[in-house]
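A closer look at the structure
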Amino acid sequence: MNFADTHCHLNDEKFSNDLNEVIERAKSAGVNRIINFGDTLESSAAVVELTKKFTGMFAGVGVHPEEISGFNESSVEKIFELAKNEKVVAIGEIGLDYYWEKDSEKRLLQQKIFIEQLKIARQLNLPVCIHEREAHGDALKILKSEGKNLCGVMHCYSGSLEMAREIWKMGWLTGFDGPLTFKNSAKLPEIVKAAPQEMILIETDAPYLAPVPNRGKRNEPVFVVDVAKKIAEIRGETLETVAQYTTQNAENLYKIWRE
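Residues numbered from 1 in each chain as written. Predicted model: local features only at pLDDT ≥ 70, side-chain atom pairs only at ≥ 80, totals over all residues. Heavy atoms only, no water.

Counting buried positions over the 5 residues of strand β3 (residues 57–61) gives 5, a clear majority of the element. Side chains M57, A59 and V61 of β3 all project onto a buried face; the interleaved residues F58 and G60 project onto the opposite face, where all are buried too. As paired elements, strand β2 (residues 31–37) and β3 share 4 bridges and run parallel to each other. Residue I35 lies in a different strand from β3, and its bridge partner there is F58. Pairing of β3 with strand β4 (residues 88–97), which is carried by 3 bridges, proceeds in the parallel orientation. Residue A59 lies in a different strand from β4, and its bridge partner there is V88. (Buried < 20%, exposed > 50% of the residue type's maximum accessible area, 1.4 Å probe, protein only. Helix = DSSP H or I, 4+ residues; strand = E, 2+ residues; numbered from the N terminus. Pairing = 2+ DSSP bridges.)

What follows is the structure in structure tokens.
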């Protein structure tokens, strides 16, 4: 079986001592495609550099909504240049995060910068990886108005089933991570059960959000198999089936078959 971890952060310092071993464990479990995402200009440059060291590794570049301080026209130019690298397969992770940000003006700034980065994706014909937390209405509104002719994924999906159905109608995918395996996963199992096969991606968000049975530990790409197992359990499918269609979805969206 082949798996694709379509969202992680292996440039994180938590992997500074054993990254080679982390990659080997993933490959031994069939995780042959890994996409690292930047969340600042610095980390975006770092994930591009990582793609030079490992086969089957790709990158997404962008600025996370919690990291937008100092974002300016120069930032747009830097993302644009990084995104021209042949191993960059997406703009992301970008989006909206209202969990900590309560100031209305700063939320509007998040929206503006989100839209600016969507424009980069459109110019370069790249898919988008969206981070969205407690900003469901605004995120959906922006995608409907500014995300036309774009495709992508709602990373670590946390919205409602109703919103998911709207996302799927627009041709956007939903990414599922470790929280799906948690006892307090709320509506996620219902959403996974309802999702069309072609709209599901599996992710780790490593080093964060390790799935059961490794919850609380450092997450890593090999654990994406546990997310796939949970999806198989919820949907009454075999692990082989889930591996096949989620990998195919990743290849279709991100064009990561070229190595």
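Once the structure has been displayed, the description carries forward.
So, on to the sheet that holds β3. If you trace the 8 strands from one edge of the open sheet to the other, you get β1-β2-β3-β4-β5-β6-β7-β8, paired in parallel fashion. Each having just a single partner strand, β1 (3–8) and β8 (200–202) make up the two edges of the open sheet. Averaged over all pairs of adjacent strands, the angle between strand axes in this sheet comes to 25 degrees, irrespective of strand direction. With 5 bridges connecting them, β4 and strand β5 (residues 128–133) associate as parallel partners. Residue pairing in the sheet places D97 in a bridge with R133 of β5. Contacting β1, β2, β7 (173–176) and β8, helix α8 (residues 224–235) crosses the sheet at an angle of about 145 degrees to β8. Against the sheet, helix α9 (residues 239–254) touches β1, β2, β4, β5, β6 (152–154), β7 and β8, its axis set at about 100 degrees to β8. (Axes fitted to C-alpha atoms, helices over the stretch in contact; angles between N-to-C directions. Contact = heavy atoms within 4.5 Å.)

Moving on, we get to the state of the cysteines. Under the criterion given, the structure shown has 0 disulfides. Take C151: it sits in no disulfide, and the sulfur closest to it among the cysteines is that of C129, at 12 Å. Here C156 is not disulfide-linked; the sulfur of C129 is the nearest cysteine sulfur, at 9.9 Å. (Disulfide = S-S within 2.5 Å.)

What follows concerns the packing of helix α5 (residues 136–146) against helix α6 (residues 161–169). The interhelical angle for the contact between α5 and α6, taken along N-to-C directions, is 15 degrees, at an axis separation of 11 Å. On the basis of their axis angle, the class for α5 and α6 is roughly parallel. α6 is crossed by α5, and the crossing has left-handed handedness. On α6, the residues that touch H136, L140, L143 and K144 of α5 are M163, E166 and I167. In terms of residue class, the contact of α5 with α6 is made up of 4 nonpolar, 1 polar and 2 charged. (Parallel < 35°, antiparallel > 145°, perpendicular 65-115°, else oblique. Left-handed = near helix turned anticlockwise from the far one by under 90°. Nonpolar A, V, L, I, M, F, W, Y, C, P; charged D, E, K, R; others polar.)

Just geometry here; none of it tells us what the structure is for.
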